[in-house]
Amino acid sequence: MLDRSTDFINTLPDWAVVSVLLGVALLLSWAFRVLVVRRGLRFLDPQSLFIRTTLQRIRGPVGLALLMGALSLAATLSPITERSAEIVRHVLLIGFILLVAWTARVVLDLWLRAHLKRFRIDTDDNLLARKHVTQMRILLRVADTLIIVVALGAVMMTFEGIRQYGVSLLASAGAAGIVVGLALQPVLKNLFAGIQLAITQPIRIDDAVIVEGEWGNVEEITSTYVVVRIWDLRRLIVPLSYFIETPFQNWTREEANLIGVVLIYLDYRAPVSSIRGEVERIVRGSHLWDGNTVAVQVTDFREQVLELRVLASAGNAGDAFTLRCVIREALVLWLQEKHPEALPHLRIIGGETSMKRETQRRTMNEHSQSPA
């Protein structure tokens, strides 16, 4: 039977033999991937999120490696010409370069996930976690860019025509080099800005920032831009270089605690000491207060009213904003019920407001001093 099979194969044309061997090799690689990678690894720990993620990540590189092995086996056993063998070797070389780049990317991603498993940003004291998450994600974006650039460069060097053109272009330099440098300036600028952000970390994931007059939280940091989630759920897209070259506010740079400020304008008859006691009662009774700062101070005198400033600290920017609203609502209700005389009043003297009488007096003085 074996001899008859061999004789039958020998009677087939070369293209048929190549097609059969290639199909068999691809079928074997697909079967190996299905039986071993998908089904065999189920015996490990299907409940582990890290193992499931690992299997999903390595599925692509394993498939590419098996495909390259199948092509190499088929090319070795097939009766193909030297020209066809050279083309297959070139394809396998390109596939090997892509496989190395893909594997490096997967290894970096898996290492990042394993490293970040020790840090959680969904807790109150998450400064260290946000620091590591931000640093690792930015460095991963930079590494992705470098891997893609190196892989594309290696693939282009496998083509004789492109390689010679690249060598001649680098040798000539001159105007072409200047044009290329100018064209790549924004990319390189953001690339180095990403490296600088990863090292210095003026911003981190989930930092509360004010950018372009908008308050929000840093939602995502990519290799070229930063996504800021505004308080009303809008998204502000900012280039990486912005955070290196432009001043901005970071409310959670070292710690998340903030002091909220409430300004109230009251009549001069307002009982400041009673208001101070009521503010302390309101703040201490709120779960938003972090127990650090509460103060009431008269900070300015206006023509008709005095300016009262209330300070109260909270654990983060969101709690500080809500605590300020609670203080305003509770304090104005208390003033309406207990001290209505403390609310701003417009005093009337002789049927005219004091402001109007003062304006008329100044006008008369100006006319009396006029040369006319």
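Definitions and cut-offs
Residues numbered from 1 in each chain as written. Predicted model: local features only at pLDDT ≥ 70, side-chain atom pairs only at ≥ 80, totals over all residues. Heavy atoms only, no water. Pairing = 2+ DSSP bridges. Helix = DSSP H or I, 4+ residues; strand = E, 2+ residues; numbered from the N terminus. Salt bridge = Lys/Arg side-chain N within 4 Å of Asp/Glu carboxyl O. pLDDT = per-residue confidence, 0-100. Contact = heavy atoms within 4.5 Å. Expected span 1.5 Å × (residues − 1). Buried < 20%, exposed > 50% of the residue type's maximum accessible area, 1.4 Å probe, protein only. Arc of directions from axis to C-beta. Polar contact = N/O pair within 3.5 Å; in protein donor to acceptor, adjacent residues only side chain to side chain.

**Q** Lay out the pairing of strand β3 (residues 225-230) with the relevant residues and their values.
**A** As paired elements, strand β2 (residues 214-221) and β3 share five bridges and run antiparallel to each other. By the bridge assignment for β3, Asn 217 is matched with Arg 229. Linking β2 back to β3 in an antiparallel pair, the connection comprises three residues. As paired elements, β3 and strand β4 (residues 235-239) share five bridges and run antiparallel to each other. Paired with Val 227 across the bridge in β4 is Ile 237. Taking the residues that link successive antiparallel strands as the turn, the β3-β4 hairpin has four residues, and the phi of Leu 233 there is positive, at about 75°.

**Q** Quick one: what's the story with the pattern of salt bridges, residue by residue and with numbers?
**A** Oppositely charged side chains may form a pair once their charged atoms are brought near each other. The final tally for this structure, using the stated rule, is ten salt bridges. Across the pair Arg 234 and Glu 214 runs a salt bridge whose closest N-O atoms are separated by 3.1 Å. Placement of Arg 234 in the loop between β3 and β4 and of Glu 214 in strand β2 is noted, with a sequence separation of 20 residues between them. Note that Glu 307 and Arg 302 form a salt bridge whose closest N and O atoms lie 3.1 Å from each other. Several salt bridges converge on common partners, so that one network encompasses Arg 105, Asp 109 and Asp 144.

**Q** Before we move on, could you go through the confidence of the model for the protein chain and cite the residues and values that matter?
**A** In low-pLDDT segments, the atomic positions of the prediction should not be examined closely. Confidence in the prediction for the protein chain averages 75 pLDDT; 65% of positions are at 70 or higher. The least confident element of the protein chain is helix α1 (residues 2-11), whose mean pLDDT is 50; the most confident is strand β8 (residues 306-314), at 94. Every residue in residues 166-183 scores below 50 in pLDDT, and together they form one contact with partners more than four places removed in sequence or on other chains. Note that pLDDT drops below 50 for residues 368-372; the model gives that stretch zero contacts with residues more than four away or on any other chain.

**Q** Can you explain helix α10 (residues 317-338)? Please cite residues and give values.
**A** Given a rise of 1.5 Å per residue, 22 residues ought to cover 32 Å, and the 31 Å separating the end C-alpha atoms of α10 matches this to within 8%. For α10, the complete set of buried residues consists of Ala 317, Ala 320, Leu 323, Ile 327, Leu 331, Trp 334 and Leu 335. Considered in projection along α10, the buried side chains sweep an arc of 115° and stay on one side of the axis. With respect to the buried face of α10, the exposed residues turned more than 90 degrees away are Phe 321, Glu 329 and Glu 337. At its buried positions, α10 is contacted by β1 (208-211), β2, β6 (258-266), α9 (272-284), β7 (289-301) and β8. Of the residues flanking the start of α10, the one acting as N-cap is Asn 316, its side-chain oxygen 3.2 Å from the backbone nitrogen of Gly 318.

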